[in-house]
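Secondary and tertiary structure notes
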Amino acid sequence: MSKTLKPGTRVSRHFIVDRAAINVEQRTVELAFSSEEPYDRWWGREILDHSPQSIRLGRLSNGGPLLIDHTNSVRSQVGIIESVQIGADRVGRAIARFGTGA
């Protein structure tokens with residue numbers, strides 16, 4: 001049985017970065033940004049489709065912005081996406097390069 005979140009419910013996410021995966025000189029790291037794993041939202045269960053006809057990677061492939069959050073603000077940009085792919089495991093991954101600013 002799935003628990004449906006109510007509108008306005010505060011949720012958080014976390015992730016783990018393996019230090020060995022960080023290229024300090026180039027300021028890059030590979031990050032997973034999406035998957036087909038079911039995720040409960042306030043309106044119900046979300047399952048993303050990662051088939052080629054369902055996802056467009058062009059914007060990300062052309063130096064898409066790496067943002068702190070989902071706002072569309074220049075202040076939330078901390079780097080750029082250098083490359084992106086959907087793996088055989090149907091997980092979206094990107095090589096992200098962080099800026100030099102604080």
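Residues numbered from 1 in each chain as written. Predicted model: local features only at pLDDT ≥ 70, side-chain atom pairs only at ≥ 80, totals over all residues. Heavy atoms only, no water.

**Some remarks on the pairing of strand 5 (residues 77–86)**
The criterion, for reference: Following DSSP output, two strands are said to pair if at least two bridges run between them. Helix and strand definitions follow DSSP, with helices as H or I runs of at least four residues and strands as E runs of at least two, each counted in order from the N terminus.
Relative to strand 5, strand 4 (residues 65–67) runs antiparallel, the two being bridged by three bridges. Note that in strand 5 the partner of L67 across the bridge is Q77. As defined by bridge partners, strand 5 adjoins strand 6 (residues 92–98) across seven bridges and the pair is classed as antiparallel. Along strand 6, the bridge assignment pairs V84 with A94. What sits between strand 5 and strand 6 in their antiparallel hairpin is a turn of five residues, with R90 showing a positive phi close to 60 degrees.

**Examining unusual backbone geometry**
How we decide: Between buried and exposed lies partly exposed: a residue is buried under 20% and exposed over 50% of the maximum accessible area for its type, with that area taken using a 1.4 Å probe on protein chains only.
We note that R27 has phi near 60 degrees; this positive angle belongs to a residue other than glycine. Residue R27 is classed as partly exposed on the basis of its relative accessible area of 31%. Non-glycine residue R90 carries a positive phi angle of around 60 degrees. Position of R90 among the secondary structure elements: in the loop between strand 5 and strand 6. According to the relative accessible area criterion, R90 is partly exposed, its value standing at 31%.

**What to know about the environment of G101**
Position of G101 among the secondary structure elements: in the segment after strand 6. Assessed through its relative accessible area of 62%, G101 is described here as exposed. Spatially, the C-alpha atoms of G101 and G79 are 9.4 Å apart, while their sequence positions differ by 22 residues.

**What about the nonpolar core?**
Note the cut-off: In plain words, nonpolar cores are sets of buried Ala, Val, Leu, Ile, Met, Phe, Trp, Tyr and Cys residues tied together by side-chain atoms within 4.5 Å. Note on definitions: a residue-residue contact is assigned when non-hydrogen atoms from the two residues lie within 4.5 Å.
Counting residues in hydrophobic clusters, the biggest one holds six residues: L57, L66, I81, V84, A94 and A96. Among the secondary structure elements, those contributing two or more residues to this core are strand 5 and strand 6. A94 has contacts with V29, E30, L31, F33, I81, S83 and V84, leaving out every residue within four places of it along the chain.

**Considering the pattern of salt bridges**
Note that side chains of opposite charge can pair when their charged atoms are close. For clarity, the threshold we go by: Salt bridges, as used here, are contacts in which a Lys or Arg side-chain nitrogen is within 4 Å of a carboxyl oxygen on Asp or Glu.
Under the definition given, this model contains six salt bridges. One salt bridge connects D49 with R90, and the closest N-O pair in it is separated by 3.5 Å. Here D49, found in the loop between strand 3 (44–46) and helix 1 (58–61), pairs with R90, found in the loop between strand 5 and strand 6; they are 41 residues apart in sequence, far enough to count as distant. Under the relative-accessibility criterion, D49 is labelled partly exposed at 39%. Across the pair R97 and E82 runs a salt bridge whose closest N-O atoms are separated by 2.5 Å. Linking R97 in strand 6 with E82 in strand 5, this pair joins segments that are 15 residues apart in sequence. For R97, a relative accessible area of 28% translates into the label partly exposed. The exposure class assigned to E82 is partly exposed, which follows from its relative accessible area of 37%. Three or more residues are tied together by salt bridges with common partners; here these are E36, D49 and R90.

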